Every structure is written in C-alpha cells, then in structure tokens.
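An overview of the molecular structure
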Amino acid sequence: MKILCVSDLHQKQNRLELVESDVLVIAGDICSSGEIWQLENFANWLKTQSDKFSKAVIVAGNHDWCFMKNRPLCLDVLKDAIGDKAVYLEDSEVVIDGIKFYGSPWQPEFHRWAFNVPRGERLKNIWSQIPDDVHVLITHSPPHGIGDLVENTHAGCMDLLNRVTQLNDLFLHVFGHIHSGNGHYVSDAMKSVNFCNAAVCTESYEAEQASYLYTLINTGPHHFITCDDVYLRRIQS
C-alpha cells in the first residue's frame, strides 16, 4: 500500500499535481477561511486527480469552518466530486485493505478558529477515543515535541503525545497545522512509529513544501514502511 500524505493546502491545490498512491491522506486545512465554495474548489481539483488514488481519507483543520457549520453539505460536495473514493473522518475510523485509519480534526485552542479545544481534560477525552488498534492516525494537530516548533516554542499537544505512546499497533501518524514543522520524523522513544508533518504551505502560504509518500509492506503481524519526500509537480499557470 502506498500512502501519500498532504496537509494545509489552503486553496493552493490547483497548481499541484498528485503522484500515484493507493490512499491519499489529507490532514486538514483544505480551506483558507472556511466557506463552502472553497471546499467546492478543492473537490473540483480532487476530481481531476482522482485517477491517482483509490481512496482519499480527509480530516478537517482549523481553517475548515464549513465542516463545523454544515458537515452533511460538505460530505455531499466530496461525494459529488469523487463518489465513494472520499472518506471523511471526524473522530471516526475506516479500514482499508486491513489497515485501520482514524482521524480527528481537533487542536489546542488558538485564537477563534474551527475545531479549537482548550488544553486540558476535554482535549484529553477526545484523544482517549482513538482506538487502541489503529495503524494510521490522522490529526490536524501535531503531538508535543514532534514537527510542532514555532519560534522556539512547541505548539503541539502533550495529551495527544501521551495517547500516541499507548498505541502499540500504530506505525504512521500524519498531521499538519504547524507549517514550519514540515518533515518526516522518528522518535527514539517510539521507534516503530513514523511521524509526518505534511503541511504543503510555507509560513507565507506558498505551496512549496514536500509531501510524503509512504510505502507499506504488510507481512501479517509486522509492517515495514519506507518514506520518500515528494515535491508535487507545479502546474504552470
């Protein structure tokens, strides 16, 4: 299975062309200000790329207000564009070829954006819903200390990190949100987990950063995974 990880497109998708994968993971911030027409723009682009993937697993982010205001309408927009290839996860899961994906859009409170929750017990309770047997975790927020550095300050969530350490079957955690944290990470404390901040946009909201293509080899009880940086081809305007 090939998993292409992308996040934080912020409406810059129209100048990008995807590489082929089995599962396209989008970890939030499809929109810039969250209107439904921005999701429609994204969905129209996704339709033009739909021969490049079998499933698109999508999680919302703090810029994606439309999913908070009218989720059924958003799901219709995605379905109209790519049909059953679209899978939207909001504190929910999907199993694809035996691999369990779980997605959640929440992040520690920052200004007045969508899917904001104050740090503390409520956010901890949200992360407690992540199933113990998840293989691929998709959150918009990074965990504390991994791909989350903003001006020498870790902006990620400590409660999310603590929950990730409890997930014995996890081998890939995809997130975004912190544009400056783009990268593939491994942790000495969790050597079996690949961490991916897939934010495509830079701090100045230019779609210039790498996406990440993971190749999964399933050998039954074990999973071997490789990672390649992918700079999505820019379509000339």
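Let me sum up the structure you'll find in this document. (Residues numbered from 1 in each chain as written. Predicted model: local features only at pLDDT ≥ 70, side-chain atom pairs only at ≥ 80, totals over all residues. Heavy atoms only, no water.)

**Regarding the overall build of the chain**
Going by this rule: Going along the chain from the N terminus, every DSSP run of H or I of four or more residues is numbered as a helix, and every run of E of two or more is numbered as a strand. Two things to know: the radius of gyration comes from C-alpha atoms, and the globule rule equals 2.2 Å times the number of residues to the power 0.38. By the convention used here, residues are in contact when the closest approach between their heavy atoms is within 4.5 Å. Every accessible area reported is derived by Shrake-Rupley at a probe size of 1.4 Å, with residue values counting cover from the shown protein chains alone. Neither His nor the chain ends is counted toward charge; the positive residues are Lys and Arg and the negative residues Asp and Glu. The atoms used to mark charge sites are NZ of Lys, CZ of Arg, CG of Asp and CD of Glu.
Along its length, the chain carries five helices and 18 strands. Against the globule reference of 18 Å for 237 residues, the chain gives a C-alpha radius of gyration of 16 Å, in line with a compact fold. Counting only C-alpha atoms, the chain reaches 45 × 45 × 35 Å along its principal axes. At a minimum sequence separation of 6, the contacts of the chain that also span at least 24 residues come to 62%. Just so you have it, the chain exposes about 10,600 Å², and 49% of that area is on carbon and sulfur atoms. In the chain, 19 side chains carry a positive charge and 30 a negative one; their mean positions are 2 Å apart.

**Points about the nonpolar core**
Looking at soluble globular proteins, one finds that nonpolar side chains tend to be buried together. The cut-off we apply is this: Throughout, nonpolar core names a set of buried Ala, Val, Leu, Ile, Met, Phe, Trp, Tyr and Cys residues whose side chains join them through atoms within 4.5 Å. Type-normalised accessible area, obtained with a 1.4 Å probe on protein chains alone, sets the label of each residue: buried when under 20%, exposed when over 50%, and partly exposed for intermediate values.
Formed by 53 residues in total, the largest nonpolar core has its most connected members in Leu-24, Leu-39, Phe-42, Leu-46, Ile-58 and Phe-67. Look past the residues within four positions of Ile-58 in its chain and what remains in contact with it is Ile-26, Ile-30, Phe-42, Leu-46, Leu-78, Val-87, Tyr-88 and Leu-89. In terms of nonpolar packing, the next biggest core, distinct from the first, is built from 24 residues, Val-57, Ile-96, Val-136 and Phe-171 among them.

**Considerations on unusual backbone geometry**
Of note in this structure, Asp-8 is not a glycine but carries a positive phi near 50 degrees. Take Asp-8: it is sitting in the loop between β1 (2-6) and β2 (16-17). For Asp-8, a relative accessible area of 0% gives the class buried. Its identity is not glycine, yet Asp-91 carries a phi of approximately 55 degrees, on the positive side.

**As for the sheet that holds strand β7 (residues 99-104)**
The condition that has to hold: When DSSP finds two or more bridges between two strands, those strands count as paired. Axis angles are defined between N-to-C directions and span 0 to 180 degrees, where every axis is a line fitted to C-alpha atoms and, for a helix, only to the segment in contact.
The strand order across the open sheet built from six strands is β6-β7-β10-β13-β15-β14, with neighbouring strands paired in mixed fashion. Sheet topology places β6 (92-96) and β14 (183-187) at the edges, where each strand pairs with a single neighbour. Direction aside, the axes of adjacent strands within the sheet are offset by 20 degrees on average. The pairing of β14 with strand β15 (residues 190-197) spans five bridges and is antiparallel. In the strand pairing of β15, Ser-187 is matched with Met-190.

**Some details on the pairing of strand β10 (residues 136-139)**
Every second residue of β10 is oriented toward a common face, with Val-136 and Ile-138 on one face and Leu-137 and Thr-139 on the other, all of them buried. Relative to strand β13 (residues 172-175), β10 is paired through three bridges, and the arrangement is parallel. The partner of Val-136 across the bridge, within β13, is Leu-172.

**Side note on the environment of Ala-189**
Mapping Ala-189 onto the fold places it in the loop between β14 and β15. Residue class for Ala-189 comes out exposed when judged on its relative accessible area of 70%. Taking the C-alpha atoms as reference, Ala-189 lies 8.5 Å from Thr-165; in sequence the two are 24 residues apart.

**So, the state of the cysteines**
Where we set the bar: Cysteine sulfur atoms are paired as a disulfide whenever they come within 2.5 Å of each other.
With the rule as written, the count across this model stands at zero disulfides. Free of any disulfide, Cys-157 has its nearest cysteine sulfur in Cys-196, 19 Å distant. Of the residues examined, Cys-157 reaches a relative accessible area of 2% and is grouped as buried. Looking at the unpaired Cys-201, the closest cysteine sulfur is the one in Cys-31, lying at 12 Å.

**A few points about helix α1 (residues 36-48)**
Structurally, the α-helix is built with 3.6 residues per turn, so residues lying three or four positions apart point the same way. Rules: For a helix, the expected span equals 1.5 Å multiplied by the number of residues minus one. This arc corresponds to the set of directions leading from the helix axis out to the C-beta atoms.
A rise of 1.5 Å per residue sets the reference length of α1, with its 13 residues, at 18 Å; its end C-alpha atoms lie 19 Å apart and thus fit the reference within 8%. Along α1, the residues that are buried comprise Gln-38, Leu-39, Phe-42, Ala-43, Trp-45 and Leu-46. For α1, the buried positions fall inside an angular range of 160 degrees around the axis, keeping them on one side. Exposed and facing more than 90 degrees away from the buried side of α1 are Lys-47 and Thr-48.

**Some words on the pairing of β15**
With six of eight residues buried, β15 is to be regarded as a mostly interior element. Pairing of β13 with β15, which is carried by four bridges, proceeds in the parallel orientation. Within the sheet, the bridge partner assigned to Val-174 lies in β15 and is Cys-196. With antiparallel pairing between neighbouring strands as the criterion, β14 and β15 make up a hairpin whose turn holds two residues.

So, to be careful, I would describe these as geometric facts and stop short of saying anything about function.
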